[in-house]
Amino acid sequence: MDLLAKTVVLAVVVIVILLGVYYALQSTILSHVSEKQAASLITADLQNAYPSAMINITNERPSNYTGSWYIAASVVVNATSPCPSYYSYTFDYPKFGFVYRVQNTYTQDCRIYGLQQNSSFLLSSFPAAVTRSYTLGISSVMSFVQQYGFHNVSVISRFYQSIDTHGVNYTKAWLVEYSAPRVNHTVSVLLSQLNGTLLAVYNSSA
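Residues numbered from 1 in each chain as written. Predicted model: local features only at pLDDT ≥ 70, side-chain atom pairs only at ≥ 80, totals over all residues. Heavy atoms only, no water.

*Asks:* Explain the packing of aromatic side chains here, please?
*Replies:* Two descriptors summarise a pair of aromatic rings, namely the distance from one centre to the other and the angle between the planes of the rings. Under the counting rule described, the total for this entry stands at 10 aromatic pairs. Chaining the aromatic ring pairs together yields one cluster made of Tyr50, Tyr87, Tyr89, Phe91 and Tyr100. When the ring centre of Phe96 is taken as reference, the NZ or CZ atom of Lys95 above it lies at 6.0 Å. (Phe/Tyr/Trp six-rings, centres within 6.5 Å; stacked < 30°, edge-to-face > 60°. Lys NZ or Arg CZ within 6 Å of the ring centre and 35° of its normal.)

Encoded structure:
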């Protein structure tokens, strides 16, 4: 019985020592991760999770956790489709490794989160502008997508403080253009940044 007790005590001591070594090593590793390394590792992890997505680090600063970095990232999935998904994630790395918090979901499943009727909503990102142009049900847009196929259509969007088109000047507007491979024309949609109000629709030769 005495031998058993000594064995248990020895095992406990060994475990305590191993835990001490583990936490000491962990503390040393944490203190040697630079801000640039943290951002790079987060980017690589997101690229692995979303192979074809557009990924950007939008903020990086010291974390509230000693030895770690607060990293914010944006992820746009299916960026050139009529319905891109747009998320923002935050990390405290390496404190919590690659475990992320969903900071915001801006667009998903052809839906713009936060857009309500009669509200002062600003289309502040290209995924929101693209989604808005598609979900308005504009006949020329719907026909174009149906004719050439949802997955074949490529959509890009640009924001303009001022734009002249067809003899009219518009301010603070998104120009969303629909195109498809081997198609000699495009459909363009002009939206107001405020509430995504439809300003103009026109076809043009590619």
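Now that the structure is up, let's keep going.
*Asks:* Is there a simple way to think about unusual backbone geometry in this case?
*Replies:* Note: most residues except glycine have negative phi, and most peptide bonds are trans. In this model, Tyr93 is joined to Pro94 through a cis peptide bond whose omega is 5°. Counting through the fold element by element, Pro94 comes out in the loop between β3 (85-93) and β4 (101-108). Of note, Arg182 is a non-glycine position whose phi angle comes to about 55°, a positive value. With respect to the helices and strands, the residue Arg182 is situated in the loop between β7 (168-179) and β8 (185-192). Judged by its relative accessible area of 85%, Arg182 is exposed. Non-glycine residue Asn195 carries a positive phi angle of around 65°. As for its placement among the helices and strands, Asn195 is situated in the loop between β8 and β9 (198-205). (Helix = DSSP H or I, 4+ residues; strand = E, 2+ residues; numbered from the N terminus. Buried < 20%, exposed > 50% of the residue type's maximum accessible area, 1.4 Å probe, protein only.)

*Asks:* Help me understand the sheet that holds β8 in this model?
*Replies:* Strand order in the open sheet made by the 4 strands is β6-β7-β8-β9, with antiparallel pairing throughout. Since the sheet does not close on itself, it has two edges, and those belong to β6 (154-165) and β9, each with one partner. Averaged over all pairs of adjacent strands, the angle between their axes in this sheet comes to 25°, without regard to strand direction. Across the sheet, helix α3 (residues 126-135) touches β6, β7 and β8, and the angle it forms with β7 is around 75°. (Pairing = 2+ DSSP bridges. Axes fitted to C-alpha atoms, helices over the stretch in contact; angles between N-to-C directions. Contact = heavy atoms within 4.5 Å.)

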